[in-house]
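Survey of secondary and tertiary structure
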Amino acid sequence: MLPWTALGLALSLRLALARSGAERGAPSSPPLGDLLFLLDSSASVSHYEFSRVREFVGQLAALLPLGPGALRASLVHVGSRPHTEFPFGQHSSGQAVRDAIRAAVQRMGDTNTGLALAYAQEQLFAEGAGARPGVPKVLVWVTDGGSSDPVVPAMQELKDRGVTVFIVSTGRGHLLELSAAASAPAERHLRFVDVDDLHLIAQELRGSILEAMQPQHLRASEVSSSGFRLAWPPLLTADSGYYVLEVVPSAGPAAARRLQLPGNATGWTWAGLEPDTDYTVTLLPESSAGPSRPQQLRVRTLPEEAGPQRIVISHARPRSLRVSWAPALGPAAALGYHVQLGPLRGGAAQRVDVPAGSNSTTLQGLAPGTAYLVTVTAAFRSGRERALSAKACTPDGARTRAPRPALPAAGLRGP
């Protein structure tokens, strides 16, 4: 037990020193990374809108430190099939990239964004396309919000591989879908801007991109109410050392969580954390070649996203019923609800969207004497959803009565 106790004390001391050293700050380094612009070039975008978006992306590129020893940029079009306007490394300056973007021609065709995202993933990690291994990857997707194929699954694969995803929507995109597609938290990575006002966010977006591109930079993404994903560049190898990773909540070191990772690790996902809590994360590279600079950041988990607590069925009629629920409580208010109802024995289902602030709706056009499954789903800004289900039954319709025989008129007698 004694050697393990001594090792634990030594690691605790090293982490304490690392935290104090990290708080003093590290000298700034030039950003290094691969930046891919994804432009909606399909027929769903007007020529005017495409020209405004093209000008905005060119303006943004001119503001960034592009070059062989810094950032590299590539441009991919969304259309019926993805098309590379220029690969990484073809242009060595921001002005050259801007000129190449200005020369880009709209491709037209369908809006197959999911297909283009799968293609973008290949480009971001393919050395044949000029991508560099071990550098931060950023995707900037400028869109009008529409797509002919699914977007979220392909985007999730990108984020799972450590790509930071920024989305700029020109105003017609679906908030929940785009929030789920952007890197978390969505409020830092998703922007809705009118196409004529894109230039207003260029400086802000530049700063966010440079922050995501910092070399030797410990980063957090996919932040939720119970965890987050950490990623860092390869600082060691499997043979040269190992990492000590520590997460300390604002409650103090007594609740710290710590683990050791191999030297070839470049990421880790923490789960089971407390919602709405500040955490201090310290990454300590332990190398046989000597001490390496520790890295530290602070991450705040999102407020807990509590779904509907109780469903009440009332005002049941043969062809309608009313659904009410206790609204989602807590700091993370729901953006809205959708209520889905379908027969238990199979058949067509219907869905009704209910805005935030309401907690009931009346469902019409039902079948008499039928059992249904009712599901109320709360949708949150993070893109996640929380659902609760209950059974409901419409009563039988009113029975048709047999006609009564007509009575003779008053004062008249039969024969």
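Relevant structure appears above.
Definitions and cut-offs
Residues numbered from 1 in each chain as written. Predicted model: local features only at pLDDT ≥ 70, side-chain atom pairs only at ≥ 80, totals over all residues. Heavy atoms only, no water. Pairing = 2+ DSSP bridges. Helix = DSSP H or I, 4+ residues; strand = E, 2+ residues; numbered from the N terminus. Axes fitted to C-alpha atoms, helices over the stretch in contact; angles between N-to-C directions. Parallel < 35°, antiparallel > 145°, perpendicular 65-115°, else oblique. Left-handed = near helix turned anticlockwise from the far one by under 90°. Contact = heavy atoms within 4.5 Å. Core = buried A, V, L, I, M, F, W, Y, C linked by side-chain atoms within 4.5 Å. Buried < 20%, exposed > 50% of the residue type's maximum accessible area, 1.4 Å probe, protein only. Salt bridge = Lys/Arg side-chain N within 4 Å of Asp/Glu carboxyl O.

Taken in spatial order, the three strands line up as S7-S8-S11 in an open sheet, and their pairing is antiparallel. Each end of this open sheet is capped by a strand with a single partner; those strands are strand S7 (219–221) and strand S11 (267–270). The sheet shows a mean angle of 25° between the axes of neighbouring strands, taken without regard to direction. Sheet topology places strand S8 (residues 228–231) next to S11; four bridges connect them, and they run antiparallel.

A word on the packing of helix H4 (residues 113–125) against helix H5 (residues 152–160). At a closest axis distance of 8 Å, the pairing of H4 and H5 adopts a crossing angle of 20°. Looking at the two axes, H4 sits roughly parallel to H5. The two elements H4 and H5 cross, and the hand of that crossing is left-handed. Between H4, through Gly114, Leu117, Ala118, Gln121 and Leu124, and H5, the contact on the second element is made entirely by Ala154, Met155, Glu157 and Leu158.

Now for the nonpolar core. Generally speaking, nonpolar side chains in soluble globular proteins are found buried as a group. By size, the foremost hydrophobic cluster in this structure holds 35 residues, and its most contacted members are Phe37, Phe56, Val140 and Ile209. Residue assignment for this core shows that the elements contributing at least two residues are strand S1 (33–40), helix H2 (47–63), strand S2 (71–78), helix H3 (94–102), strand S4 (137–143), strand S5 (164–169) and helix H8 (202–212). Among the elements that make up this core, the one with the highest residue count is H2 (six residues). Those residues in contact with phenylalanine 37, other than ones at most four positions away along the chain, are Val57, Leu60, Ala61, Ala73, Ser74, Leu75, Val76 and Val140. One finds Phe88, Ala154, Val165 and Ile167 within the second-largest nonpolar core, a separate group that totals 23 residues.

Our focus in this paragraph is the pattern of salt bridges. In this structure the tally under the stated criterion is 11 salt bridges. For aspartate 34, the salt bridge identified is with arginine 132, shortest N-O distance 3.0 Å. Pair noted here: aspartate 34 is in strand S1 and arginine 132 is in the loop between H4 and S4, with a separation of 98 residues, a long-range link. Each member of the pair, aspartate 34 together with arginine 132, is buried. A salt bridge links glutamate 246 to arginine 258; its shortest N-O distance comes to 2.9 Å.

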